[in-house]
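# Coordinate inspection notes
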Amino acid sequence: MKTLGYLGFLALFVVELIFVALHPEATLSLEPWQLLALGIAAFRGGHAISFNVVFEWLRRPFCDVVRDSSGAGDSVEPKYTLEGFWATVANCIACPICTGTHVGSALLTIITLWPEFGILLTYALAVAGIAEILHFTSERDEWQSRYAREMAGSLWLEKNHAA
């Protein structure tokens with residue numbers, strides 16, 4: 001049953017792509033930078049569905065929030081009590097790559113059906129995605145800087161026998 005669930009998600013993706021391929025005008029007219037925006041939008045949408053509070057209502061029946069193995073935060077994991085098709089849904093919702101893939105194909109479908117709205121939605125998600133990338137990049141840099149300061153201070157204390 002689990003395999004059928006994965007095949008169902010794959011079939012949905014293929015159906016969306018076939019629909020887009022049968023009506024290619026809007027997607028073929030996208031500029032390269034718009035395709036980049038589409039990728040960032042799919043990234044952002046995938047993260048929103050898999051991790052952010054705004055989609056907790058969607059994840060709740062399928063996923064649990066657990067302490068991260070690092071001890072420094074939380075992680076979203078599929079509920080391991082689910083079986084068959086529902087376990088597949090849980091695995092896909094907890095995976096930002098899986099959800100991002102479906103957000104991307106959904107955006108292409110929306111662009112095909114209603115180009116103006118699809119592009120606007122893509123831009124909105126892309127701007128949010130760029131903000132997310134900048135936020136986590138700066139946060140990573142801050143943590144690395146703090147770690148480097150701690151290490152430098154510890155080495156100084158050790159070198160000067162001040163510890």
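See the structure above.
Residues numbered from 1 in each chain as written. Predicted model: local features only at pLDDT ≥ 70, side-chain atom pairs only at ≥ 80, totals over all residues. Heavy atoms only, no water.

## A word on the state of the cysteines
Summed over all chains, the structure comprises 0 disulfides. In this structure Cys92 is not part of a disulfide, and its nearest cysteine sulfur, from Cys98, lies 4.6 Å away. Free cysteine: Cys95, not disulfide-bonded; nearest cysteine sulfur from Cys98 at 3.2 Å. Cys95 sits in the partly exposed class, given a relative accessible area of 22%. (Disulfide = S-S within 2.5 Å. Buried < 20%, exposed > 50% of the residue type's maximum accessible area, 1.4 Å probe, protein only.)

## Description of the nonpolar core
In terms of nonpolar packing, the biggest core is built from 21 residues, with Leu38, Phe62, Cys63, Ile93, Leu107, Ile111 and Ala126 touching the most fellow members. When contributions to this core are tallied by element, the ones reaching two or more residues are α3 (32-51), α5 (84-94), α6 (96-113) and α7 (115-159). Considering each element in turn, this core owes the most residues, 5 residues, to α3. Setting aside anything within four residues of it in sequence, one finds Cys63 in contact with Val76, Glu77, Pro78, Lys79, Ala90, Ile93 and Ala94. (Core = buried A, V, L, I, M, F, W, Y, C linked by side-chain atoms within 4.5 Å. Helix = DSSP H or I, 4+ residues; strand = E, 2+ residues; numbered from the N terminus. Contact = heavy atoms within 4.5 Å.)

## Overview of the packing of aromatic side chains
Overall, the coordinates contain 5 aromatic pairs when judged by the stated rule. On the basis of an interplanar angle of 20 degrees and a centroid distance of 5.8 Å, the ring pair of Phe62 and Trp86 is categorised as stacked. Residue Phe62 is found in the loop between α4 (56-59) and β1 (63-67), and its partner Trp86 is found in helix α5; the two are separated by 24 residues along the sequence. By relative accessible area, which is 14% here, Phe62 ends up buried. On the basis of an interplanar angle of 75 degrees and a centroid distance of 5.0 Å, the ring pair of Phe85 and Trp86 is categorised as edge-to-face. Here a set of aromatic residues connected by ring pairs shows up, and it is made of Phe62, Phe85 and Trp86. (Phe/Tyr/Trp six-rings, centres within 6.5 Å; stacked < 30°, edge-to-face > 60°.)

## Description of the packing of α3 against α7
Put simply, α3 and α7 touch, their axes get as near as 7 Å, and they point 70 degrees apart. With respect to α7, the element α3 is oriented roughly perpendicular. You can see that α3 and α7 cross each other, and the crossing is left-handed. Where α3 abuts α7, its residues Trp33, Gln34, Ala37, Leu38, Ile40, Ala41, Phe43, Arg44 and His47 lie against Ile119, Thr122, Tyr123, Leu125, Ala126, Ala128, Gly129, Ile130, Glu132 and Ile133. (Axes fitted to C-alpha atoms, helices over the stretch in contact; angles between N-to-C directions. Parallel < 35°, antiparallel > 145°, perpendicular 65-115°, else oblique. Left-handed = near helix turned anticlockwise from the far one by under 90°.)

## Description of the pairing of β1
Here β1 pairs with strand β2 (residues 74-78) via 5 bridges, running antiparallel. Each residue of the ladder has a partner; that of Val66, found in β2, is Ser75. Counting the residues between successive antiparallel strands, the hairpin from β1 to β2 contains 6 residues, one of them, Gly71, with a positive phi of roughly 80 degrees. (Pairing = 2+ DSSP bridges.)

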